[in-house]
Amino acid sequence: MPQTLVLPQPDDMHLHLRDGDALKAVLPFTAKQMARAIIMPNLKPPVVRVADALAYRQRIQAALPEGSDFQPLMTLYLTDRTTPDWVHEAKSAGIIAFKLYPAGATTNSDAGVTNILLLLPTLHAMSEAGLPLLVHGEVTDSNIDIFDREAAFIERVLKPIIKQVPQLKIVFEHITTAEAAKFVENASDNIAATVTPQHLLLNRNDLLVGGIRPHHYCLPVLKRESHRQALLTAVTGKFAHKFFLGTDSAPHSQHTKECACGCAGVFSAHAALELYAEAFEQAGALDKLAAFASQNGARFYGLPQNSGTITLVKQTQTIPPCFNFGTESLIPMRAGEEIAWSVVSA
Ligand code: NCD
Ligand code: ZN
Ligand code: ZN
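Definitions and cut-offs
- For every chain, the first residue of the written sequence is number 1, and numbering continues from 1 along that sequence.
- Working convention: letters from A go to chains and numbers from 1 go to ligands, in the order in which they are written.
- For this predicted model, a pLDDT threshold of at least 70 governs which residues receive local features, and a threshold of 80 or more governs which side-chain atom pairs are given and counted, while totals over whole chains, interfaces and linings are taken from all residues.
- Processing note: side-chain calculations cover all non-hydrogen atoms of the structure and skip hydrogens and water entirely.
- Only protein chains enter the calculation, and the probe is 1.4 Å; a residue is then buried if its accessible area is under 20% of its type maximum, exposed if over 50%, and partly exposed in between.
- Each helix corresponds to a stretch of at least 4 residues labelled H or I by DSSP, and each strand to a stretch of at least 2 residues labelled E; elements are numbered beginning at the N terminus.
- The contact definition used throughout considers only heavy atoms, calling two residues in contact when any of these lie within 4.5 Å.
- Strand pairing follows a simple DSSP-based rule, namely that at least 2 bridges must link the two strands.
- Axis lines are fitted to C-alpha atoms, over the contacting stretch for helices. Their N-to-C directions set the angle, which ranges from 0 to 180 degrees.
- Distances up to 2.8 Å from the metal define which N, O and S atoms are donors, and 3.2 Å serves for Na, K and Ca; water is absent from the atom set, so sites may look incomplete.
- Any coordination sphere not matching a tetrahedral pattern (four donors, all angles between 85 and 135 degrees) or a square planar or octahedral pattern (four or six donors, opposite donors over 155 degrees apart, other angles between 65 and 115) is reported as irregular.

Side note on helix α4 (residues 120-129)
Because the α-helix completes a turn every 3.6 residues, residues three or four places apart line up on one side.
Part 1 of the argument: Counting buried residues along α4, seven of its ten residues qualify, which places the element largely inside the surrounding structure.
Part 2 of the argument: Buried within α4 are the following residues: L120, T122, L123, A125, M126, S127 and A129.
Part 3 of the argument: Lining the buried residues of α4 we find α3 (84-92), β5 (97-100), β6 (133-135) and α5 (149-164).
Part 4 of the argument: The first or second residue beyond α4 is G130, which carries a positive phi of 70 degrees.

Have a look at this one:
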C-alpha cells in the first residue's frame, strides 16, 4: 500500500489566472485542487477599481469547469491614486485585500506604487477595515543587487509601514530569503507570509548551472541553498502558523519565456499540492503540510475552514512536456519529469 495523506481541501493564497484564453487554459488546474484562491490583480490593464474586480470575477466564474464550486477571492491593485474611499468601497464589495507592486518590481507592475509612505491615509483605512496589504517585497532601485532586493525591502519599506500602521495585516508574498523568514517569525501575528513550491524546492543553481533555465526564472529570483533551507525550516518550524500556501503560479507562454528578455513567472498550478508534498517530505515534516496548505491561510484571512478533503498518494506521476495556453503553449514546473506524489481525489 503506498503512503496516503488526507488533507482538508487547500486554498491557494497567491495565484495568477490571467484573462481570456489563458484564463480558460489554466483555471481548471487550480479548481481541481483548491477550494479557494486569492487572485492577483496584475492584468493589463491592472484591476484597480471594485467594478474591474467584480467583472474579472465573473469572467473567472464563467470559465470554471461545469459543477466546480471553486471560489475566486478578489484583490485590487494598489496605485498612487488609491484613496481611503476606494478602500471602504472595496470592503463593502467583498474584496479580500490590496496588492502592493512597487513600480517596476515585477510582471505588469508599471502602474504600481512609487512611494508607499505617501499612501498612509489609505493604509490606515485598510487597517481599520481589516483588509490586508499583500506585498511583492522587493525594492526596485537599480543600485541594489537583485539578490538583495527582498532583504532591502524589509528595512526600507516594510519596517517603516509597520511603524506607521502597526495593526495593518500584511502578507509578505512569495518570500525567498532567510531574512524574510526571520522577519515574519519575529513580527506580530498580523504579519504573515506565503511561500511558493519553487522557492521550497529549487535554488539558484537550478536556474543557472549547466545552462540558463528560463522556466525557473521568477521574481523574486531563486536564492542560494541556505535560503531555501531557511524557508523549509520556516514552514515546518516553531512559527509555522505564520506561513501558508501561495503558489504564485504565474503562467507565461513558452515563447515569452524562451527569448532574449524572458518573462518572470513559474507555472505550478497543475501539480501544486504534489510539489509542496515533496518539499515537506524532504523536510521530514509531512505532518505539517495540512496546516500550511489548508488552515493557516484561512485563519489569517478570517475565512471559514474548508470542509472537503483531498487525498495525496505517494505514487509517481510524469508531468507533460507542455500544456495548451490559448493559441500558445505553456511549460509547467517539472515539465517532462516526475513528481513523487499524486492527487487521487478532490
Ligand atoms: C508574476 C507574474 O508573472 O505575474 N511573476 C513572478 O515571477 N512571480 C508576478 C509576481 O508575482 O511578482
Ligand atoms: Zn510578486
Ligand atoms: Zn505573484
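Moving on from the model shown.
A closer look at the sheet that holds strand β9 (residues 243-245)
Part 1 of the argument: The strand order β2-β3-β4-β5-β6-β7-β8-β9 describes an open sheet built from eight strands, whose pairing is parallel. Of all strands in the sheet, those with a lone pairing partner are β2 (11-15) and β9, marking the two edges. The average undirected angle you get between the axes of adjacent strands in this sheet is 30 degrees.
Part 2 of the argument: The sheet contact formed by strand β3 (residues 36-39) and strand β4 (residues 71-77) spans four bridges and is parallel. Looking across to β4, one finds that R36 is bridged to Q71.

What about the coordination of the zinc ion (ligand 3)?
Part 1 of the argument: Protein coordination at the zinc ion (ligand 3) comes from H14 (NE2), H16 (NE2) and D248 (OD), with a distance range of 2.0 Å.
Part 2 of the argument: Taken together, the four donor atoms surrounding the zinc ion (ligand 3) define angles of 95 to 137 degrees at the centre, an arrangement classified as irregular.
Part 3 of the argument: Summarised as a motif, the one-chain spacing of the donors to the zinc ion (ligand 3) is H-x1-H-x231-D.
Part 4 of the argument: In this model, the zinc ion (ligand 3) sits 3.8 Å from the zinc ion (ligand 2). In this structure, H14 and H16 share a single accessibility class: buried.

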